[in-house]
Amino acid sequence: DPRNMQSRDTTPDDGPELVKLIASSFKDLENRTGFSEDLADPRLSELAMPEWNQNGVCVVDVATNQIVGCNFVSVQEAGSPHVRSIGPVAVKPGFQGKGIGKKIMELAIAKAKAQSATSLRLTVDTHNPVSFSLYSRLGFEIRDVLSVVGPSSMPSKYVEQKFREATSDIRPMRDGDLERVSSFVRRFCGFDRTKEIRAYLETGKNLSLGRTSVPFIAFSKRDGGEGEIVGFISGIAAAAISAAEDEEIWKLLFATALNYANGYDADLPIVWDESDSRRVAPPSTDHTLSISMINTTRYPTLFRWLLVDCGLTLIKGMYAMEMGDVMKKEPKIGVWMQSVEY
């Protein structure tokens, strides 16, 4: 009964309950469709919850005082207040089909617009017609078709072959790189992502998360030092982003990050600092976290390369949707891969 439902903002104390709700909601979707859902694994929500919970909404069943639906508005960047990401959207199994999904979407949209957002973004599985229809009715439009690929534990022969002839050097991102990397990435997506890139850098230092979250940079080769930045990848994950001047540089970056994550980096000419503990971090053994996203419609040859040369498999398709027109105006240069949020 809608009369027994109340809506409110989420609080830090809600964190554990929200993690369980999201996991159960996506596990239910996984069981109904047969497609793998990364958020069915509660560890992913546990990692992200401190940030999500800063700007979340929920619906509570008054009779039981249980949260039965939740949604989140991610604040992308203080310097880019017009961009917001919506989601993940979760409704407790047994409460679906009662209008709760629509309610928490309307609450999140209202919250984002009250914060001066003009671009609201989300992703939705192509095999989830109910949610896709809801978002379309609310005003979201498809901006891109994405493919979620992975995982793979096989070494990429591409790196061994191409490093010898590459015109770029590869090394892990360091603290002093933040300003230059942010400036480079902005050319491709059209707005400032410094806060997000700083978070990638800090996450990559947390060796307990394995090697999948270490960001890498590609530089043009130059005698006597590093040249200009020509590529960046924040790691091997659905929440990662990457940008490169051309497809060959992107391949080199992705293959380097993939080989490093799986422990096949001993013979790769990655430029390391002697004191960088990431060099000896244990390889990632949990490949459920080693998934990546690719803009399938923009880069069909790269998608084919991931399947053939890197041994990745297609897990599912997703639509990148937007309410607004910032994504429509993105500069179409080089290679740009968005994350599951932006």
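In this report, the structure presented in the accompanying data block is examined. Quick caveat: nothing in here was measured; it's all calculated off a predicted structure.

### A closer look at the overall build of the protein chain
Logical step 1: The secondary structure content of the protein chain amounts to nine helices and 14 strands.
Logical step 2: Going through the 342 residues of the protein chain one by one, you find that 54% of them count as buried.
Logical step 3: Across the protein chain, contacts joining residues at least 24 apart in sequence account for 73% of those joining residues at least 6 apart.
Logical step 4: Approximately 15100 Å² of the protein chain is accessible, and the part contributed by carbon and sulfur atoms is 52%.

### Comments concerning the packing of helix 1 (residues 15–33) against helix 2 (residues 42–52)
Logical step 1: Closest axis-to-axis distance for the helix 1/helix 2 pair is 9 Å, and the angle between their directions is 135°. Taken together, the axes of helix 1 and helix 2 are oblique relative to one another. Helix 1 and helix 2 meet at a crossing whose hand is right-handed. Of helix 2, the residues touching helix 1 (which contributes Gly15, Leu18, Val19, Ile22 and Ala23) are Pro42, Ser45, Glu46, Met49 and Trp52.
Logical step 2: Classifying every residue of the contact of helix 1 with helix 2 by side-chain character gives seven nonpolar, two polar and one charged.

### Looking at unusual backbone geometry
Logical step 1: Each neighbour pair has its own omega, and for Gly87 with Pro88 the value is 0°, a cis peptide bond.
Logical step 2: Locating Pro88 in the fold gives a position in the loop between strand 4 (83–86) and strand 5 (90–91).
Logical step 3: Even without being glycine, Asn65 reaches a positive phi, approximately 60°.
Logical step 4: Looking at the secondary structure, you find Asn65 in the loop between strand 2 (56–61) and strand 3 (66–75).
Logical step 5: By relative accessible area, which is 61% here, Asn65 ends up exposed.
Logical step 6: We note that Ser116 has phi near 70°; this positive angle belongs to a residue other than glycine.
Logical step 7: Summarising the element assignment, Ser116 is placed in the loop between helix 3 (100–114) and strand 6 (119–125).
Logical step 8: Here Ser116 falls in the exposed class, since its relative accessible area comes to 53%.

### Observations regarding empty space enclosed by the protein
Logical step 1: By the definition in use, this model includes one cavity of 30 Å³ or more.
Logical step 2: Size it by volume and the largest cavity reaches roughly 90 Å³.
Logical step 3: Surrounding the largest cavity, 13 residues form its lining, Ala237, Ala240, Ser242, Ser292 and Met293 being those nearest its centre.
Logical step 4: Going through the elements one at a time, helix 8 (247–262) and strand 12 (292–295) are the ones with two or more residues in the lining of the largest cavity.
Logical step 5: Its residues assigned to classes, the lining of the largest cavity shows nine nonpolar, four polar and no charged.

### Points about the pattern of salt bridges
Logical step 1: Scanning the entire structure with this criterion turns up 17 salt bridges.
Logical step 2: The partner of Asp177 in a salt bridge is Arg171, and the shortest N-O contact between them spans 2.8 Å.
Logical step 3: Across the salt bridge formed by Glu202 and Lys205, the nearest N and O atoms sit 3.2 Å from each other.
Logical step 4: A relative accessible area of 42% means that Glu202 is categorised as partly exposed.
Logical step 5: In the salt-bridge network here, residues are joined through shared partners; they are Glu37, Asp125 and Lys316.

### Some thoughts on the pairing of strand 13 (residues 314–323)
Logical step 1: With respect to burial, strand 13 is a largely interior element, seven of its 10 residues being buried.
Logical step 2: Where strand 6 meets strand 13, six bridges bridge the pair, whose relative direction is antiparallel. Residue pairing for strand 13: Leu122 is matched across the bridge by Met321.
Logical step 3: Pairing geometry for strand 7 (residues 141–149) and strand 13, over eight bridges, is antiparallel. Note on strand 13: the bridge partner recorded for Asp144 is Ala320.

### Looking at the packing of aromatic side chains
Logical step 1: All chains considered together, the criterion is met by eight aromatic pairs.
Logical step 2: On the basis of an interplanar angle of 55° and a centroid distance of 4.9 Å, the ring pair of Phe184 and Phe188 is categorised as tilted. On the criterion of helical spacing, the pair formed by Phe184 and Phe188 is a turn pair, its members being four residues apart in helix 6 (residues 178–189). The exposure classification of Phe184 matches that of Phe188, with both residues buried.
Logical step 3: Among the aromatic side chains, those forming a connected cluster through ring pairs are Trp250, Phe254 and Trp305.

### Description of the nonpolar core
Logical step 1: Within the largest apolar cluster, 50 residues are counted, with the highest numbers of intra-cluster contacts made by Val185, Phe216, Phe232, Trp250, Phe254 and Leu306.
Logical step 2: Those elements giving two or more residues to this core turn out to be helix 6, helix 7 (194–204), strand 9 (216–222), strand 10 (225–233), strand 11 (242–244), helix 8, helix 9 (300–308) and strand 14 (335–337).
Logical step 3: The dominant element in this core, judged by the number of residues it contributes, is helix 8, at nine residues.
Logical step 4: If you look at the next biggest cluster of nonpolar residues, it comprises 23 residues, including Val68, Ile104, Phe140 and Met323.

### Observations regarding the packing of helix 8 against helix 9
Logical step 1: One way to put it is that helix 8 packs onto helix 9 with a least axis distance of 11 Å and a crossing angle of 30°. Between helix 8 and helix 9, the angle is such that the two are roughly parallel. Between helix 8 and helix 9 lies a crossing whose hand is right-handed. When helix 8 is examined against helix 9, the residues Glu247, Trp250, Lys251, Phe254 and Ala255 are found in contact with a partner set consisting of Thr301, Leu302, Trp305 and Leu306.
Logical step 2: Residues belonging to the contact of helix 8 with helix 9 are distributed by class as follows: six nonpolar, one polar and two charged.

Criteria and cut-off values
- Residues numbered from 1 in each chain as written.
- Predicted model: local features only at pLDDT ≥ 70, side-chain atom pairs only at ≥ 80, totals over all residues.
- Heavy atoms only, no water.
- Helix = DSSP H or I, 4+ residues; strand = E, 2+ residues; numbered from the N terminus.
- Buried < 20%, exposed > 50% of the residue type's maximum accessible area, 1.4 Å probe, protein only.
- Contact = heavy atoms within 4.5 Å.
- Areas by Shrake-Rupley, 256 points an atom, 1.4 Å probe, with all protein chains shown as cover.
- Axes fitted to C-alpha atoms, helices over the stretch in contact; angles between N-to-C directions.
- Parallel < 35°, antiparallel > 145°, perpendicular 65-115°, else oblique.
- Left-handed = near helix turned anticlockwise from the far one by under 90°.
- Nonpolar A, V, L, I, M, F, W, Y, C, P; charged D, E, K, R; others polar.
- 1 Å grid on protein atoms, 1.4 Å probe; cavity = no way out; pocket = protein on both sides within 12 Å on 5 of 7 lines; lining within 4 Å.
- Points joined across faces, edges and corners; volume = space filled by probe spheres on them.
- Salt bridge = Lys/Arg side-chain N within 4 Å of Asp/Glu carboxyl O.
- Pairing = 2+ DSSP bridges.
- Phe/Tyr/Trp six-rings, centres within 6.5 Å; stacked < 30°, edge-to-face > 60°.
- Core = buried A, V, L, I, M, F, W, Y, C linked by side-chain atoms within 4.5 Å.

Read these as geometric descriptors, not functional statements.
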